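Residue-level listing of the chains:
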Amino acid sequence: MAEFLIKLADERGHLLQQVETGYSESEVRDRFVQQGYLVYWVKPRGLFAAGEFRLPRRRGVKQSQFVIFISSS
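Residues numbered from 1 in each chain as written. Predicted model: local features only at pLDDT ≥ 70, side-chain atom pairs only at ≥ 80, totals over all residues. Heavy atoms only, no water.

Focus: the sheet that holds strand β1 (residues 2–9)
- Strand order in the open sheet formed by three strands is β2-β1-β3, and the pairing between neighbours is antiparallel. On the outer flanks of this sheet lie β2 (15–22) and β3 (38–44), each paired with one strand and no other. Taking each pair of neighbouring strands and ignoring which way they run, the sheet shows an average axis angle of 25°.
- Taken together, the six bridges between β1 and β3 define a ladder with antiparallel strand orientation. Across the sheet, Phe-4 pairs through a bridge with Pro-44, a residue of β3. (Pairing = 2+ DSSP bridges. Helix = DSSP H or I, 4+ residues; strand = E, 2+ residues; numbered from the N terminus. Axes fitted to C-alpha atoms, helices over the stretch in contact; angles between N-to-C directions.)

As for the packing of aromatic side chains
- Tallied over the entire structure, the rule returns one aromatic pair.
- Taking the centre distance of 5.7 Å and the plane angle of 65° together, the rings of Phe-32 and Tyr-37 count as edge-to-face.
- What makes Phe-32 buried here is its relative accessible area of 6%.
- Given a relative accessible area of 26%, Tyr-37 falls into the partly exposed group.
- In this structure, Lys-43 is placed above the aromatic ring of Trp-41, and the distance from its NZ or CZ to the ring centre is 4.3 Å. (Phe/Tyr/Trp six-rings, centres within 6.5 Å; stacked < 30°, edge-to-face > 60°. Buried < 20%, exposed > 50% of the residue type's maximum accessible area, 1.4 Å probe, protein only. Lys NZ or Arg CZ within 6 Å of the ring centre and 35° of its normal.)

See the structure below:
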């Protein structure tokens, strides 16, 4: 089984985001729809999500944080 990140709303409109295990995105979605939740999205979680190798996204470096180090020997 794989892990999926799911965003949903309950009958009162409260938004929830949680990690669930399941065999597929559609299986996880169907499980929560049957329980009466409004499912916004289901996404694979982890490095080997959906049989693909995924690396975490890198954030860019702000110019104010960028430092050039010059060593004189």
